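An overview of the molecular structure
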Amino acid sequence: MVLGGPYIYSDVPVNGIYPYVSLGEIEPAGDRDDEWQLTVHAWSQGRQGDAQAIAGALLGALDDAPLRIEQNRCFELRFSLADIRREKRRVYRTTVVFRLRSGEAILGGNNADE
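Let me begin by describing the structure that accompanies this report. Not measured: the values here are computed from a predicted model. (Residues numbered from 1 in each chain as written. Predicted model: local features only at pLDDT ≥ 70, side-chain atom pairs only at ≥ 80, totals over all residues. Heavy atoms only, no water.)

Thoughts on the overall build of the protein chain
- Scanning the protein chain from terminus to terminus reveals two helices and six strands.
- Counting from the amino terminus, helix and strand elements in the protein chain follow one another as β-β-β-α-β-β-β-α.
- Looking at the protein chain as a whole, 32% of its 114 residues qualify as buried.
- When contacts within the protein chain are restricted to residue pairs at least 6 apart in sequence, those whose partners lie at least 24 apart make up 48%. (Helix = DSSP H or I, 4+ residues; strand = E, 2+ residues; numbered from the N terminus. Buried < 20%, exposed > 50% of the residue type's maximum accessible area, 1.4 Å probe, protein only. Contact = heavy atoms within 4.5 Å.)

Set out below in structure tokens:
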């Protein structure tokens, strides 16, 4: 139950049962319309090591994961940033940010290095 078990929410719940994962913001990454930043938060209670284990599980599950969403459109998810902070006594929030690119960018339609 390292990744949040059955507790994965679209918003942070009031009085959620730890550990749990909540989806954060999805924001455009710069001026391009085929790249976004996806933020995922994991909440744990107890030790900072638990928060680190959840961050590792998120990376293992999502980094470079092959995704197909809506009408066979391909997406690529790449790790960008992680941060662990103590929110209040014994509660840790792990924030993991991924870069999400659409199929056109993956296939070379838009080269990020140009």
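A look at the side chain of His41
- The residue His41 is located in strand E3 (residues 35–45) in this model.
- A polar contact is formed between the side chain of His41 and the side chain of Thr95, at a distance of 3.2 Å. (Polar contact = N/O pair within 3.5 Å; in protein donor to acceptor, adjacent residues only side chain to side chain.)

Brief notes about the packing of aromatic side chains
- Taken as a whole and assessed by the stated rule, the structure comprises two aromatic pairs.
- Ring geometry for Tyr20 against Trp43: centres 6.1 Å apart, planes inclined by 20 degrees, an arrangement best described as stacked. Of the two residues, Tyr20 sits in strand E2 (residues 20–28) while Trp43 sits in strand E3, which places them 23 residues apart along the sequence. Trp43 carries the same exposure label as Tyr20, and that label is buried. (Phe/Tyr/Trp six-rings, centres within 6.5 Å; stacked < 30°, edge-to-face > 60°.)

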